[in-house]
Amino acid sequence: MTRLARLLRERDDERGFALVAVVGVAAVVMILVATMLSVSTSGARVTSNDTDWARAADAAYAGVADYQSHLNADNTYGQYGQADAAFSKATGSTFAKGLDANPAFDIKPVSAGGRWVTVPTAGGVAGPSSFRYAVDNSKLSSQGVIRVQSTGRAGKVTRTVVANVRPDGFSNYLYFTNYESGDPTVTNETAGRSGASCTSDYRVAARTSSCQQIQFGPNDLLQGPVRTNDQLKICGSTFQSTVQTVGGWNSTDCGTAAPSFASAPTTASTLTPPSTIGDLRDSMRSDLQTTTDSVEGTGCLFTGPTKITFNGDGTMTVVSPLTIATNVEGATAVPGATITKGSAPAKCGDVDALHSPGGATIPIPKNNLVYVQNEPAARPSGTTPDPNYWDASPKYKNTANACDATSYANSWTRLKPNGVGFPYSTNSSTTSEVEPVNGNNANVSTPYGCDRGDAFVKGVVDKAVTVAAENYLYVTGDVTYPATRAASTVLGLIGQRAVWVWNPINTYGNTLTGQDREIDAAILSNQGTFVVQNWTQGSTRGRGALTIKGSIAQNFRGAVGLATGQGYDKNYKYDASLATYTPPKFPQPTVTTYRVATQVESKTAYTADGAAIP
C-alpha cells in the first residue's frame, strides 16, 4: 500500500469514530429533553393538584362560615338539618324544622341529583369550589354546642373540617355584669342618710340616690376576659386579658396605684340577662317530647331548701325535706296552672331518703340539670294542686316540716331553721351563726327561708351538670374538679336572686369558717348578684383569697371584701374549657351571636361526586 493510500485509510477510520460520538451526544440530548418535558408536565399536574387541595380546604371553611351566618340570622337554626346524613345519624341528632330548602344539607351524589353550594369569588360570581355540610345538634341543649361537618370540593379533590359552633354567652367571660352596683332588693342598701332604698342606675345616670358603685381593689387579679354593660371603677387592679365596657372606667377617689391592663379597654355592645330561669323547669317534665326524647332525658327537680354535696365519684348526696315529686307533668307551677301528675323516679332519689338527715346518694345527672324550686303555692278552689304543694299531699300533709317550727334556730339569732342545717347552730355563742348582713351592715332579705328554692352546694364535681336555684344558691364549701377532670366536665351554678359565698359570723361579728375559698364553675345570677355573706365583718386581716376558676355573670355587682381588709381578695381565672363547652342548659343572653370555638380537619366525608365515604 502506498503512503497516500495509507493516510486516506487512517482519515476514514477517524470519521467513523466521530460519527459514533455525534450520535451518542444526540441521544443524550434527546433523553435530557424528554426528561425535562416529563418533569415539566408532572410539575404542572402537581401545581394543579396543590391548587385544588388548597381550594377544597378554603371551601370547607366557607361552609362553616355559611352555617354560622344562618345561626346568627336565626338562633333556632340548630333545629334545621338532614337527619339521614351519616354525621347526624351517628349522633342521634333530630331536626324539628327540616331542611329549610338549604342545598348545603344535600347528601345525594351528583349523579343522583345531589347538589353542592358554590363558593363565590371576590367579584360575586360563581367560583371553582363548593361545599356541603352536616350538623350534630345532639349537644345543643345540654352543652350549647353545635358540631358542623363541612366538606369542600375543588376539581376532584375534597377535604372535610369539623367545627364547634357556640353562642356568645355569659360563660365566655371570666366576669360579666349588667350593673356595677349592688342589688338593693338583696342587700337592703339605702341611699345615704335618707333611709330610702337606693336605686340601680348605670354610672352615666348615677345620682345621690343611686346604689354605691363597687370597685376592683389593688390586690384583685383577673385572668380572663372582662365585660360589663356599665362603667368600671378600678383601683390598682390587674387585668391580664381583654376588658370590654359600655361606660368606660374610672379610678375616682381610689388613692392607689394605676390599674394594669393587658391591652387598652374597649367599648362593647350590651348583653342582656334573661328575666327568669323558670323555663329551665321544663327539663323536669316527663310529658315534653323535647325532653324525653333527648339523650339526657329529664333532670332532677327538688323543692324547698336543698343541700347538695358532690362526692367526686360520679354521685351526689341530696337532702331535700320538702320534695315530693322529682319530675312533673304540666305547665310551670304558678297558681291556676294545670299539673296533671307528679312522679319520683329512683334516679333522683327515694323521697323518704331525701327527707332524712343523711339524704339520698344518687348518680349526678350527667349533661343535665338539677333545679331547686320554691314550694308551689296553694291553688284556687277547683284546680289541680301541684304535686309538690306539701299541704295537699295525701302522704305528707300531716307531717311536720321546717315551716312548722315555732322557735328560733338558736338563742343568738331571730332566724328559724330551714330543715337542712341553716343557719348553722351549735350550743355555743362562739360557733353559732346569726343573721347575715350586707351593704351598710343591713340584714339580708329573707335568708334561709323554710319554703324557698335555696340550694346549698359543695364538693368535688366529676360530671357535667348545672344546679339552678329559683331563689338563692349558697356555696357552703370549696367546689372543685378532680385532677383527672375531662375538658367537657363543666359545672354551672345559678341562683336567680343571688349566688352567695357562705361566710357565717357569730354574735360577736367573728367569722366561723377557715381562710380562703375556691369555686370552679360558671356562675350566674340572672336577676341578682354574686356576693360574699358578711363581707363587711371579721378581722381586717381578711379571709384570704376567693379563687374562681370559671366565670361569673350577674345582673348586679356583688362585693366580696373591703379595702380595709374584711372579706376576700379576688383571684379570678377563666376556665379555658368554657370557651368550648357550656354547662348543661345554661341560660344565654336574650340576644346573642354564634362564633366558631374550634375547627380541625377530619376524615374526608364525601367524594367529588358527592358520594358518602364510609
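Residues numbered from 1 in each chain as written. Predicted model: local features only at pLDDT ≥ 70, side-chain atom pairs only at ≥ 80, totals over all residues. Heavy atoms only, no water.

Visitor: Sorry if this is basic, but what is going on with the overall build of the protein chain here?
Guide: The number of helices and strands found in the protein chain is six helices and 33 strands. Across the 614 residues in the protein chain, those meeting the buried criterion constitute 50%. Partitioning the contacts of the protein chain with sequence separation of at least 6, the portion at a separation of at least 24 is 65%. Working note: accessible area of the protein chain is about 26600 Å², and carbon and sulfur atoms make up 54% of it. (Helix = DSSP H or I, 4+ residues; strand = E, 2+ residues; numbered from the N terminus. Buried < 20%, exposed > 50% of the residue type's maximum accessible area, 1.4 Å probe, protein only. Contact = heavy atoms within 4.5 Å. Areas by Shrake-Rupley, 256 points an atom, 1.4 Å probe, with all protein chains shown as cover.)

Visitor: Before we go on, may I ask you to explain the sheet that holds strand β3 (residues 146–154) in this structure?
Guide: The pairing of strands in a sheet comes from backbone hydrogen bonds and takes either a parallel or an antiparallel form. Read from one edge to the other, the open sheet built from five strands follows the order β1-β2-β3-β4-β33, with strand pairing classed as antiparallel. Each edge of the sheet is formed by a strand with only one pairing partner; in this case those strands are β1 (117–120) and β33 (594–602). Between one strand axis and the next, the sheet turns through 35° on average, direction left out of account. Looking at chain direction, strand β4 (residues 157–167) and β33 are connected through eight bridges and run antiparallel. By the bridge assignment, Ala163 is partnered in β33 with Gln599. (Pairing = 2+ DSSP bridges. Axes fitted to C-alpha atoms, helices over the stretch in contact; angles between N-to-C directions.)

Visitor: So what exactly am I meant to see when it comes to the confidence of the model for the protein chain here?
Guide: Detailed conclusions should not be drawn from predicted coordinates in areas where pLDDT is low. Here the protein chain averages 87 in pLDDT, and 89% of its residues register 70 or above. Confidence over residues 7–23 falls short of pLDDT 50; this stretch has zero contacts with residues more than four positions distant or in other chains. The low-confidence segment residues 28–45 (pLDDT under 50) makes zero contacts with residues lying over four places distant or belonging to another chain. (pLDDT = per-residue confidence, 0-100.)

Visitor: What exactly am I supposed to notice about the packing of aromatic side chains here?
Guide: What characterises a pair of aromatic rings is the spacing of the ring centres plus the angle enclosed by the ring planes. In the structure shown here, the tally under the stated rule is 24 aromatic pairs. Ring centres 5.5 Å apart and planes at 25° place the aromatic pair Phe239 and Phe261 in the stacked group. One end of the pair, Phe239, is in strand β10 (residues 238–239); the other, Phe261, is in strand β13 (residues 260–261), with 22 residues separating them in the sequence. Classification of Phe239 as buried rests on a relative accessible area of 2%. Residues Tyr448 and Phe456 carry aromatic rings whose centres are separated by 6.2 Å and whose planes lie at 35° to one another, so their mutual orientation is tilted. Judged by relative accessible area, Phe456 falls into the buried class, the value being 0%. What links up through ring pairs into an aromatic cluster is the set Phe422, Tyr424, Tyr448, Phe456, Tyr472, Tyr474, Trp500 and Trp502. When the ring centre of Tyr606 is taken as origin, the NZ or CZ atom of Arg132, which lies over that ring, is 4.9 Å away. The ring of Tyr481 has Arg485 lying over it, and the distance from NZ or CZ to the ring centre is 3.9 Å. (Phe/Tyr/Trp six-rings, centres within 6.5 Å; stacked < 30°, edge-to-face > 60°. Lys NZ or Arg CZ within 6 Å of the ring centre and 35° of its normal.)

Visitor: What is the right way to look at the pattern of salt bridges in this model?
Guide: Pairs can form between side chains of opposite charge once their charged atoms are near each other. Enumeration according to the criterion identifies 16 salt bridges in this entry. The closest approach of N and O atoms between Arg159 and Glu601, which form a salt bridge, is 2.7 Å. Residue Arg159 is located in strand β4, and its partner Glu601 is located in strand β33; the two are separated by 442 residues in the primary sequence. On the basis of relative accessibility, which here comes to 11%, the residue Arg159 falls in the buried class. (Salt bridge = Lys/Arg side-chain N within 4 Å of Asp/Glu carboxyl O.)

Visitor: What's the story with the state of the cysteines in this structure? I'm lost.
Guide: Disulfides are covalent bonds that connect the sulfur atoms of two cysteines. Across all of its chains, the model carries four disulfides by this definition. Residue pairing for Cys235: its cysteine sulfur links by disulfide to Cys254, the two sulfurs lying 1.9 Å apart. Measuring the twist about the S-S bond at about -60°, one finds the Cys235-Cys254 disulfide to be left-handed. Linking Cys235 in the loop between β9 (232–234) and β10 with Cys254 in the loop between β12 (249–250) and β13, this pair joins segments that are 19 residues apart in sequence. By the burial criterion, Cys235 is buried, and Cys254 matches it. The residue that forms a disulfide with Cys403 is Cys450, at a sulfur-sulfur distance of 2.1 Å. Its torsion about the S-S bond being 105°, the disulfide of Cys403 and Cys450 is classed as right-handed. A residue pair is termed long-range when its members are at least 10 positions apart, and Cys403 in the loop between β21 (368–373) and β22 (437–438) and Cys450 in the loop between β23 (442–443) and β24 (455–460) qualify at 47 residues. Cys403 gets classed as partly exposed once you look at its relative accessible area, which sits at 32%. In the protein chain, the bonded cysteines, numbered by position in the sequence, are linked as 1-2, 3-4, 5-6, 7-8. (Disulfide = S-S within 2.5 Å.)

Visitor: What am I meant to see in unusual backbone geometry here?
Guide: The phi torsion of most residues other than glycine is negative, and most of the peptide bonds are trans. Of note, the amide linkage connecting Phe422 to Pro423 takes the cis form, showing an omega dihedral of 0°. By the secondary structure assignment, Pro423 is in the loop between β21 and β22. One non-glycine residue, Asp516, adopts positive backbone phi at about 65°. Within the element layout of this structure, Asp516 appears in the loop between β28 (498–501) and β29 (517–519). A residue is classified by how much of its surface remains accessible, and Asp516, at 41% relative accessible area, is partly exposed.

Visitor: Which parts of the structure should I look at to understand the environment of Pro587?
Guide: Looking at the element boundaries, Pro587 is found in the loop between β32 (569–574) and β33. With a relative accessible area of 11%, Pro587 lands in the buried category. Remark: the alpha-carbon pair of Pro587 and Thr276, spanning 311 residues in sequence, is separated by 9.3 Å. Apart from the residues within four sequence positions on either side, Pro587 is in contact with Phe170, Pro274, Ile277, Leu280, Ile494 and Leu524.

Visitor: How should the side chain of Ser130 be read in this particular structure?
Guide: As for its position among the elements, Ser130 is in strand β2 (residues 126–136). With a relative accessible area of 5%, Ser130 lands in the buried category. The contacts of Ser130, once residues within four sequence positions are left out, are Ala59, Trp116, Val117, Thr118, Val119, Thr151, Gly152 and Arg153.

Visitor: Would you mind showing me how to read the sheet that holds strand β6 (residues 215–216) here?
Guide: Here we have three strands laid out as an open sheet, ordered β6-β9-β12, and parallel in their pairing. Single-partner strands in this sheet number two, and they are β6 and β12.

Visitor: Sorry if this is basic, but what is going on with the pairing of strand β26 (residues 472–480) here?
Guide: Side-chain positions along a regular strand alternate between the two faces of the sheet. Of all nine residues making up β26, eight are buried, and the element is well covered by its neighbours. Relative to β26, β24 runs parallel, the two sharing five bridges. Pairing of Val460 across the sheet is with Thr480, part of β26. Sheet topology places β26 next to β28; four bridges connect them, and they run parallel. Note on β28: the bridge partner recorded for Leu473 is Val499.

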